[in-house]
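The chain contents come next:
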Amino acid sequence: MAQIIAVVNQKGGVGKTTTAVNLAAALHERGSRVLLCDFDPQANATSGMGVDKNTASPNVYDVLINGAEPQRAVVSTKYGDVLPSNKALAGAGIEMIAMENRERLLKAALDALAPNYDYVLIDCPPSLELLTVNALCAARTLLVPVQCEYYALEGLSDLLATVRLVKRGLNPSLALEGVLLTMFDSRTNLSLQVAQEVKRHFPGQVFATVIPRNVRLSEAPSHGRPICAYDPYSRGAEAYKLLAQELAERH
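Scope of this entry: the structure provided in the associated data block. (Residues numbered from 1 in each chain as written. Predicted model: local features only at pLDDT ≥ 70, side-chain atom pairs only at ≥ 80, totals over all residues. Heavy atoms only, no water.)

1. What about the packing of aromatic side chains?
So, step 1. With the rule as written, the count across this model stands at 1 aromatic pair.
So, step 2. Taking the centre distance of 4.9 Å and the plane angle of 75 degrees together, the rings of Tyr150 and Tyr151 count as edge-to-face. (Phe/Tyr/Trp six-rings, centres within 6.5 Å; stacked < 30°, edge-to-face > 60°.)

What follows is the structure, encoded as structure tokens:
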């Protein structure tokens, strides 16, 4: 059965989608069977894996709201399989309110797909509403990217409070996979200070791998390719390979 990991932080711009796409591709490159579930209405993870978010149909919205079969929605790519998203997902949170088992709709879809994979990664939206609660109910563990900048820890307490509520009432087995330091610049004191602060708040729960600030990582999505395909020898590609190795060794 797959290890289902939600890549989550309600703060935007911390490297969630970058991590979901490039970790999925790096795990796939290692020979693992990987599914990336794009659960963000912006659908950047979908296009980052080379899938056209405007034409992908059925997609995760159709699976949740229209009853489409999950297997029919999966798109195979050179970098792993994708359960695509599109902008229609933005309204799903409201549509789901009246639905039965509304917190577990994504879990039902992913449970149907999980036997075919070693890893399922969920790219979560940058908010704490019903879509994110669905991701937390579906996941076994959380991977929390934290950027090495001034407001790094801001909002993490809100995320952890939501996680505690979900654990108490909906998904008791939910655990923290780890905190991932992103956009790290070893030349600045600020990055080093933030890294120390995060390690102090999450003792023993911070990945040894650190994702550097890297121009090639920023360029890759515009080409519809993960970093391992766009520039396999860049510092960003090397970092995600190490992260995939670290994750694989844990499991």
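2. A word on the sheet that holds strand E1 (residues 3-7)
So, step 1. Strand order in this open sheet of 7 strands is E3-E4-E2-E5-E1-E6-E7, and the pairing throughout is mixed. This sheet does not close on itself; its edge strands, each paired only once, are strand E3 (75-77) and strand E7 (175-182). Each adjacent strand pair in this sheet contributes to an overall mean axis angle of 25 degrees, direction not counted. (Pairing = 2+ DSSP bridges. Helix = DSSP H or I, 4+ residues; strand = E, 2+ residues; numbered from the N terminus. Axes fitted to C-alpha atoms, helices over the stretch in contact; angles between N-to-C directions.)

3. Quick word on the nonpolar core
So, step 1. Core analysis: the biggest nonpolar cluster contains 55 residues, and Phe39, Leu64, Leu83, Leu106, Leu110 and Ile122 have the highest contact counts within it.
So, step 2. In terms of residue count, helix H7 (residues 130-138) provides more of this core than any other element does, 7 residues in total.
So, step 3. If we skip the residues at most four places from it in the chain, Leu64 touches Phe39, Met96, Met99, Leu105 and Leu106.
So, step 4. The next biggest cluster of nonpolar side chains, apart from the first, holds 34 residues, and it includes Ala20, Ala25, Tyr79 and Ile227. (Core = buried A, V, L, I, M, F, W, Y, C linked by side-chain atoms within 4.5 Å. Buried < 20%, exposed > 50% of the residue type's maximum accessible area, 1.4 Å probe, protein only. Contact = heavy atoms within 4.5 Å.)

4. Side note on the pattern of salt bridges
So, step 1. One pass over the full model with this rule turns up 10 salt bridges.
So, step 2. Between Glu149 and Arg213 there is a salt bridge, with its nearest N and O atoms 2.4 Å apart. With Glu149 in the loop between strand E6 (141-147) and helix H8 (156-169) and Arg213 in the loop between helix H9 (189-201) and helix H10 (215-219), the pair connects residues that are 64 residues apart, well separated along the chain.
So, step 3. Residue classification places Glu149 among the partly exposed residues on the basis of a relative accessible area of 28%.
So, step 4. Judged by its relative accessible area of 42%, Arg213 is partly exposed.
So, step 5. Here the residues in one salt-bridge network are Glu177, Glu246 and Arg250, joined through shared partners. (Salt bridge = Lys/Arg side-chain N within 4 Å of Asp/Glu carboxyl O.)

5. Considerations on the pairing of E6
So, step 1. The element E6 is largely enclosed, with a buried count of 7 among its 7 residues.
So, step 2. Neither face of E6 is exposed, since Thr141, Leu143, Pro145 and Gln147 on one face and Leu142, Val144 and Val146 on the opposite face are all buried.
So, step 3. Here 3 bridges tie E1 to E6, and the two strands are oriented parallel to one another. Opposite Ala6, over in E6, you have Leu142 as the bridge partner.
So, step 4. Looking at chain direction, E6 and E7 are connected through 7 bridges and run parallel. Considered in E7, the bridge of Val146 is made with Leu181.
So, step 5. For the crossover that starts at E6, traverses H8 and ends in the parallel E7, the hand is right-handed. (Right-handed = clockwise from strand over helix to strand, strands pointing away.)

6. A short note on the packing of helix H6 (residues 105-113) against H7
So, step 1. Close contact between H6 and H7 brings their axes to 7 Å; oriented N to C, the two are set at 40 degrees. The pairing of H6 with H7 is recorded here as oblique in orientation. Two packed elements cross with a definite hand, and for H6 against H7 that hand is right-handed. Here H6 contributes Leu105, Leu106, Lys107 and Leu110 to the contact with H7, which in turn contributes Asn134, Ala135, Cys137 and Ala138.
So, step 2. Residue composition of the contact of H6 with H7, grouped by class: 6 nonpolar, 1 polar and 1 charged. (Parallel < 35°, antiparallel > 145°, perpendicular 65-115°, else oblique. Left-handed = near helix turned anticlockwise from the far one by under 90°. Nonpolar A, V, L, I, M, F, W, Y, C, P; charged D, E, K, R; others polar.)

7. Topic: the pairing of strand E4 (residues 80-83)
So, step 1. By the bridge criterion, 3 bridges tie strand E2 (residues 34-38) to E4 in an arrangement that is parallel. Bridge assignment links Leu36 to a residue of E4, and that residue is Val82.
So, step 2. Relative to E4, E3 runs antiparallel, the two sharing 3 bridges. The partner of Thr77 across the bridge, within E4, is Gly80.
So, step 3. Linkage of E3 to E4, two consecutive antiparallel strands, is achieved through a turn of 2 residues.

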